[in-house]
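# Residue-level structure breakdown
Chain by chain, the residues run as shown.
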Amino acid sequence: ALPWFCSVLYPFLIRLYILPKIQNWQEVQGMTDLLYTEKDLVTSLKEYIRQEENRLEKVKEWAGKLDSLTITATQDPEGYLGHPVNAFKLMKRLNSEWADLESLVLKDTANGFISNLTLQRQFFPTDEDQTGAAKALLRLQDTYQLSAYTISNGDLPGVVHKSQMTVADCFELGKIAYTEADYYHTELWMAQALTQLDEGDESTIDKVTVMDYLSYAIYQQGELERALELTKRMLKLDPNHQRANGNLKYFEFQLEKQRKAESEKKEQEDKKKEKKVLDKRDAQRKRSKDPLPERKKYEMLCRGEGIKLTPRRQSRLFCRYFDNNRNPRLLLAPVKKEDEWDRPRIVRYHDIISDSEIMTVKELAKPRVSCHSTIEKINQRIEDITGLEMDTAEELQVANYGVGGQYEPHFDFGRVSTYAFKELGTGNRIATWLFYMSDVSAGGATVFTDVGAAVWPKKGTAVFWYNLFASGEGDYSTRHAACPVLVGNKWVSNKWIHERGQEFRRPCDISENE
């Protein structure tokens, strides 16, 4: 938290800004469009239902009238038909009115709805999109160590619109993991589907189908006894299940074989002081060749764990008002500057972009406007604060991360200096400026995996760090990543500042690490 004197601004002072550029975004906007597409389809469906109800109401009215009439007529057919009007009306009904009723019954009121559905289908997500959404959910589960029950029940931190998962939802998630040979997540989600079925949730998915996937996933992870017990449970529900009967024999054979092998090695195992056992998730990672060490650090930092800042180092971090050596545009309104990290030096500037400016940047990001007075002011502000030349910097990049949105660990600078950004002619990326343009309900931190630092999004702030030492060598401690958004969505915009034009603003130094 900021010291008290950094929580106070000068509301009556005016900042003077001047001049920049921008790039496109898509992420959450596309998802928002899908929501409105679905809303339009629901409206169309309700209109179809209304027309169907009107049609059926007319059929019911006709049936009720004729029911009463035929009951009366069949009680005394000769007497009824002795009346000439009744005889005429019977001929008329059978010759024309029943034909009209037939037309009414056969009338297709679904045309409008089907036409709209066909039109909108071109905007629907594909199987690949659905798989991507499922993988994002599994990534969140791993990163934030969430149980399948917690996710299925909708108990996530900071949620406003709580949503629970059905048996079919859990089953589908498990099935997608299964097709990816991800048996760890297959087990978690098939087990959750089975739990919900056991608790009485109604579903078209039956227990045997779920247990079929679940037993195989458990078997693939080396737990023969559990796989065997689950197969026996399946056969109690469906004694004729062909695959289960085959698996029963196979699992029993493999289990007996395993027990014999374990017995033979027992003496040797008893001599061992420790036995390294990979947990299921580690085994899954081994199968998928996941870069375990950095991934673990990354996920821990995303959860707020493993941050490596000692109290001694923490005591050297300060918060201050900053005018960058009496810059004329900052004299009357110095900015609030907070040290976030010492090595590499990461600083945060508070209240550095207004809500109205954020809205403008978001709007400009859609059609990719290359120049606007608001963007020019933002660029000038970055130059005033950092003291670095903006003419050779890249355009302002705008990104919108939805739920599960992340960016893997990376360096902002080019590691092969001869070729890095050669086509730009502006040298390497000397520094990074990152605006946070939204608060995030849960998740979404920027983490530096090499040094164990985590910076959390806070709307209206910006963080800044140098990617290169003064010598021009890359600072490998700046390797960073964007943690997945757990709840909410995250808006950021960043400015990559290049070497050209900084010759006198940040002079070179022969010391590699200065």
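Residues numbered from 1 in each chain as written. Predicted model: local features only at pLDDT ≥ 70, side-chain atom pairs only at ≥ 80, totals over all residues. Heavy atoms only, no water.

The name given to the chain in an unreviewed UniProt entry is procollagen-proline 4-dioxygenase, and the organism recorded there is Cyprinus carpio. Database annotation for the chain, UniProt heading Function (unreviewed entry): "Catalyzes the post-translational formation of 4-hydroxyproline in -Xaa-Pro-Gly- sequences in collagens and other proteins." Quoted verbatim from the Sequence similarities (unreviewed entry) heading of the UniProt record, the comment on the chain is "Belongs to the P4HA family." (UniProt positions renumbered as here; feature names shortened; annotations may be inferred.)

The next subject is the packing of helix α7 (residues 167-179) against helix α9 (residues 207-220). Interaxial distance between α7 and α9 falls to 11 Å at its minimum, and their mutual angle equals 35 degrees. Both α7 and α9 take part in a crossing whose hand is left-handed. In this structure, α7 contributes Phe171, Lys175 and Tyr178 to the contact, and α9 contributes Thr209, Val210, Tyr213 and Tyr216. (Axes fitted to C-alpha atoms, helices over the stretch in contact; angles between N-to-C directions. Helix = DSSP H or I, 4+ residues; strand = E, 2+ residues; numbered from the N terminus. Left-handed = near helix turned anticlockwise from the far one by under 90°. Contact = heavy atoms within 4.5 Å.)

Below, the discussion takes up the UniProt feature "repeat: TPR" (unreviewed entry) in the chain. When the UniProt feature table is mapped onto this chain numbering, "repeat: TPR" (unreviewed entry) sits at residues 208-241. What you have in residues 208-241 is 79% helix and 0% strand, and the ends, taken at the C-alpha atoms, are 9 Å apart.

This next bit is on the nonpolar core. Among the nonpolar cores identified, the biggest contains 46 residues, and Tyr144, Trp189, Val210, Val447, Cys483 and Leu486 are the most heavily contacted of them. Leucine 486 has contacts with Leu140, Tyr144, Leu146, Pro157, Val403, Ala442 and Gly443, leaving out every residue within four places of it along the chain. Listed in part, the 32 residues of the second largest apolar core include Ile352, Ile382, Val398 and Ile497. (Core = buried A, V, L, I, M, F, W, Y, C linked by side-chain atoms within 4.5 Å. Buried < 20%, exposed > 50% of the residue type's maximum accessible area, 1.4 Å probe, protein only.)

Here we come to unusual backbone geometry. Each neighbour pair has its own omega, and for arginine 343 with proline 344 the value is 0 degrees, a cis peptide bond. Phi at asparagine 324 takes a positive value of approximately 50 degrees, unusual for a residue other than glycine. Summarising the element assignment, asparagine 324 is placed in the loop between β1 (319-322) and β2 (335-341).

Moving on to the side chain of glutamate 340. Here glutamate 340 is to be found in strand β2. Side-chain polar atoms of glutamate 340 contact the side chain of arginine 348, separated by 2.6 Å. (Polar contact = N/O pair within 3.5 Å; in protein donor to acceptor, adjacent residues only side chain to side chain.)

On to the pairing of strand β6 (residues 429-436). Counted residue by residue, β6 has 8 buried out of 8 residues, so it is predominantly covered. Relative to strand β13 (residues 490-498), β6 is paired through 7 bridges, and the arrangement is antiparallel. Opposite threonine 432, over in β13, you have tryptophan 496 as the bridge partner. Alignment of β6 against strand β10 (residues 461-466), held across 6 bridges, turns out to be antiparallel. If you follow phenylalanine 435 over to β10, its bridge partner there is alanine 462. (Pairing = 2+ DSSP bridges.)

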